[in-house]
Amino acid sequence: MYSYPDKYDVIVIGAGHAGCEAALASARIGLKTLLLTINADTIAQMSCNTAIGGVAKGQIVREIDALGGEMAKNTDKTGIQFRILNRSKGPAVQSPRAQCDKKLYQFTMKHTIEKQDNLYLKQAEVTEILTDDNKAVGVMAKPSIKFFGKTIIVTTGTFLKGLIHIGETTFDSGRSGEFAAMHLSDSLRELGFEISRLKTGTPPRINGKSIDYSECIPQMSDIPPVPFSHFTEQIVQKQLICWLTYTNEKTHKIISDNFHRAPLFSGQIKGIGPRYCPSIEDKVKKFPEKGRHQIFLEPEGYDTEEIYCNGIATSLPYDVQAEMLRTILGLQKCEMVRPGYAIEYDFCQPTQLKPTLETKLIENLFFAGQINGTSGYEEAAGQGLIASINATSKIKKIEPLILGRNEAYIGVLIDDLVTKGVLDPYRMFTSRAEYRLLLRSDNADLRLMDYGYKYGLIDKQIYQKFAKYRECIQAKKYDFDEDLTPWTVAAFKNEIEIESKYAGYIKRQISDVEKSKKIENRKIPENIDYDRIPGLLTESRHKLKQIFPISIGQASRISGVTPADISILTVWLDKRKYVKTEIAN
């Protein structure tokens, strides 16, 4: 047994998208940070689609950027096709998306981490959370090394007891070609955490030189490409073409003829899969009336011929995958490089977390990413950033950052997780946000950069330029003394146009926010005993004791808690003269 001599402020377990944001944030704030990963060669690996953003996800990436995170900047450096989705619709649902060079994204983020001050990267598999008096104090890692830290952030992705399915074949793996973390979830279970299984999947990859693109529909990049980051002046790298094709009845027949060999239907897979991103066999079974499903053929980078077949995630046997691919227009002679697969993994029900993402059971222990039941790089990265800000805030004894549902999609995401929990992998949509007209991708800086500066992640000089831009927006007058790129005339005109065109709707949503603040900011004492409150329904009492909401607003969103119970709770608090304290942020 060896105890590593250095002590850390923050230890981050896992170097996926959540782990990278978490580690960079605490290090940039000035705290000594250790980042542990099973494989240092796969930091920020894009294990599924090589894209960042999309509907609602693009807004999250812009929010991460406004708070001082790295994902948007890294995307701008490595993106090979940029598009604004839903351009023909209103600004509330317009979202940026970028296809990235898979390896370039990974290596660029790895280098960013390696050169970051206060950040120490080490390759080691964590097997146990070390605790003392219900407080996390460190981790045990192979081979029998103890690392000690003041706070621990767990960002393990799909690696906790990961099990891959390709037809009847199964094997332990965190993702294809990598070891699973087979011990850490046992440690979490021993600490008292409720652990369940989820499932996600990925499609086959094919060799681009074997595709007949003349039979596919080209999907071009926007010209000029719009950057993700508020700090990127322009995208300078070459943009590549994606292609569109479709499955057909022949494809569907091959799939349906092999339902009995599909792990999803045979009972082989126990975990619950994503409702909004189903496998192709799930689509064919649930929607037999549909004659075709679209497939986007997306290049994985400049220096590879591998093509990602977006739209046909599958865990069917290898031979069935190869056969079905060759029924698709343009893919009749395609060569499959890697088969699609499903992966099951352990996760912790997120109702076991506080809104800060600190666990309720163990102090100083935070969870972020797929361990909380989410899907997607963007949702993971947003959680990693917030978990890190709050871990460092706890060390520094300052107020945590809890974003409201009216402030950010990240706020909606975390509130949904800790208040409602998950039944299947959580994916963000614009429809989940009741104030989505206020949470546009174009105004993420106006909404959140104050927080980024407050918590030490936005440079003072940059913040001063942003403040000048905001003054001009508020005055509706472009009055820059110097070029404030990227806060330019174009950005200014776009913001003013949206604010003017949708002024009535925006005013109405702001009014709705003000009305909700009365219950949203009404704090519930931490030591409240719900068993002492007469009149609550049994189900409501149980749910309130399980979640322990921090406010009347959060309590009102708990599934099973009725409006009558909220009234009873509010009256009970009033009678006992609990101070109507507003929650920070």
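The notes below deal with the structure included here. What you see is a predicted model, and the numbers here were worked out from it, not measured in a lab.

### Overview of the overall build of the protein chain
Working step 1: A tally of regular secondary structure across the protein chain gives 18 helices and 20 strands.
Working step 2: At 24 Å, the protein chain has a C-alpha radius of gyration in line with the 25 Å of a compact globule built from 585 residues.
Working step 3: Each principal axis of the C-alpha atoms in the protein chain carries an extent, and together these give about 75 × 60 × 55 Å.
Working step 4: In the protein chain, which comprises 585 residues, the share counted as buried stands at 58%.
Working step 5: Carbon and sulfur atoms make up 51% of the accessible area of the protein chain, which totals about 24700 Å².
Working step 6: Side-chain charges of the protein chain comprise 78 positive and 72 negative groups, with the mean position of each set lying 4 Å from the other.

### A short note on the packing of aromatic side chains
Working step 1: In this structure the tally under the stated criterion is 10 aromatic pairs.
Working step 2: Between Tyr 530 and Phe 548, the aromatic rings sit 5.8 Å apart at their centres with planes inclined by 55°, giving tilted as the arrangement. Within this pair, whereas Tyr 530 is found in the loop between α15 (503-520) and α16 (538-547), its partner Phe 548 is found in the loop between α16 and α17 (552-556), the two being separated by 18 residues in sequence.
Working step 3: For Phe 548, a relative accessible area of 38% gives the class partly exposed.
Working step 4: Sitting over the face of the ring of Tyr 8, Lys 32 holds its NZ or CZ atom 5.3 Å from the ring centroid.
Working step 5: Cation over ring: Lys 285 sits above Phe 265, and NZ or CZ is 5.0 Å from the ring centre.

### Concerning helix α10 (residues 377-396)
An α-helix turns once every 3.6 residues. As a result, residues three or four positions apart point the same way.
Working step 1: With 20 residues, α10 should reach 28 Å at 1.5 Å per residue; the first-to-last C-alpha distance of 29 Å fits that figure.
Working step 2: Of all 20 residues in α10, 17 are buried, a share of seventy percent or more.
Working step 3: Where α10 terminates, the next one or two residues include Lys 397, which has phi positive at roughly 60°.

### A word on unusual backbone geometry
Working step 1: The amide bond that connects Lys 142 to the next residue, Pro 143, takes the cis arrangement and shows omega of -5°.
Working step 2: Mapped onto the secondary structure, Pro 143 falls in the loop between β8 (135-141) and β9 (145-154).
Working step 3: Residue Pro 224 is bonded to the preceding Ile 223 through a cis peptide linkage, with omega at -5°.
Working step 4: Its location among the elements puts Pro 224 in the loop between β14 (217-219) and β15 (242-246).
Working step 5: The phi torsion at Leu 357 lies on the positive side, around 75°, for a residue other than glycine.
Working step 6: You can see Leu 357 is positioned in the loop between β19 (341-348) and β20 (365-367).
Working step 7: Of note, the phi angle at Phe 548 is positive, near 50°, even though the residue is not glycine.

### Here we look at the pattern of salt bridges
Working step 1: Evaluation of the coordinates by the stated rule reveals 42 salt bridges.
Working step 2: Salt-bridge contacts for Asp 6 lead to Lys 32; the nearest nitrogen and oxygen are separated by 3.9 Å. You can see Asp 6 sitting in strand β1 (residues 2-13) and its partner Lys 32 sitting in the loop between α1 (17-29) and β2 (33-37), a full 26 residues away along the chain.
Working step 3: Notably, a salt bridge pairs Arg 97 with Glu 298, separated by 3.1 Å at the nearest N-O pair. One end of the pair, Arg 97, is in strand β5 (residues 95-100); the other, Glu 298, is in strand β16 (residues 294-299), and 201 residues separate them in sequence.

### Concerning the nonpolar core
Working step 1: Counting 107 residues, the largest nonpolar core has Ile 129 and Phe 147 as its most contacted members.
Working step 2: Non-local contacts of Ile 129, meaning those with residues more than four positions away in its chain, are made with Ile 13, Ala 136, Gly 138, Val 139, Ile 152, Val 154, Leu 184, Ser 187, Leu 188, Leu 191 and Leu 365.
Working step 3: Within the second largest apolar cluster, 23 residues are counted, among which are Ile 211, Ile 295, Ile 307 and Cys 309.

### Description of the sheet that holds strand β3 (residues 51-53)
Working step 1: With respect to topology, three strands assemble into an open sheet ordered β3-β5-β4, the strand pairing being antiparallel. The open sheet has two free edges, formed respectively by β3 and β4 (79-85), since each of these has just one partner strand. On average, each strand axis in the sheet is tilted by 20° relative to the strand beside it, whichever way the strands run.
Working step 2: Relative to β5, β4 is paired through six bridges, and the arrangement is antiparallel. Following the sheet pairing, Arg 83 is matched in β5 by Arg 97.
Working step 3: Where helix α2 (residues 57-66) meets the sheet, it contacts β3 and β5, and its direction lies at approximately 80° from that of β3.

### Some words on the environment of Ile 312
Working step 1: Inspection of the secondary structure assignment puts Ile 312 in the loop between β17 (306-310) and α9 (318-325).
Working step 2: In the structure, Ile 312 is positioned 77 residues away from Ile 235 in sequence and 30 Å away in space, judged by C-alpha atoms.
Working step 3: Setting aside chain neighbours within four positions, we find Ile 312 in contact with Pro 203, Pro 204, Thr 247, Ile 280, Ile 295 and Leu 325.

### Some words on the sheet that holds β19
Working step 1: Strand order across the open sheet formed by four strands is β11-β10-β19-β12, with antiparallel pairing between neighbours. Two strands lie at the open edges of the sheet, namely β11 (169-172) and β12 (195-202), each paired on one side alone. With direction set aside, neighbouring strand axes in the sheet form an average angle of 25°.
Working step 2: The pairing of strand β10 (residues 163-166) with β19 spans three bridges and is classified as antiparallel. Residue pairing across strands places Leu 163 opposite Glu 344, the latter belonging to β19.

Conventions adopted
Residues numbered from 1 in each chain as written. Predicted model: local features only at pLDDT ≥ 70, side-chain atom pairs only at ≥ 80, totals over all residues. Heavy atoms only, no water. Helix = DSSP H or I, 4+ residues; strand = E, 2+ residues; numbered from the N terminus. Rg over C-alpha atoms; globule rule 2.2 N^0.38 Å. Buried < 20%, exposed > 50% of the residue type's maximum accessible area, 1.4 Å probe, protein only. Areas by Shrake-Rupley, 256 points an atom, 1.4 Å probe, with all protein chains shown as cover. Lys, Arg positive; Asp, Glu negative; His and termini not counted. Charge placed at Lys NZ, Arg CZ, Asp CG, Glu CD. Phe/Tyr/Trp six-rings, centres within 6.5 Å; stacked < 30°, edge-to-face > 60°. Lys NZ or Arg CZ within 6 Å of the ring centre and 35° of its normal. Expected span 1.5 Å × (residues − 1). Salt bridge = Lys/Arg side-chain N within 4 Å of Asp/Glu carboxyl O. Core = buried A, V, L, I, M, F, W, Y, C linked by side-chain atoms within 4.5 Å. Contact = heavy atoms within 4.5 Å. Pairing = 2+ DSSP bridges. Axes fitted to C-alpha atoms, helices over the stretch in contact; angles between N-to-C directions.

The values reported here are purely geometric and, on their own, carry no functional implication.
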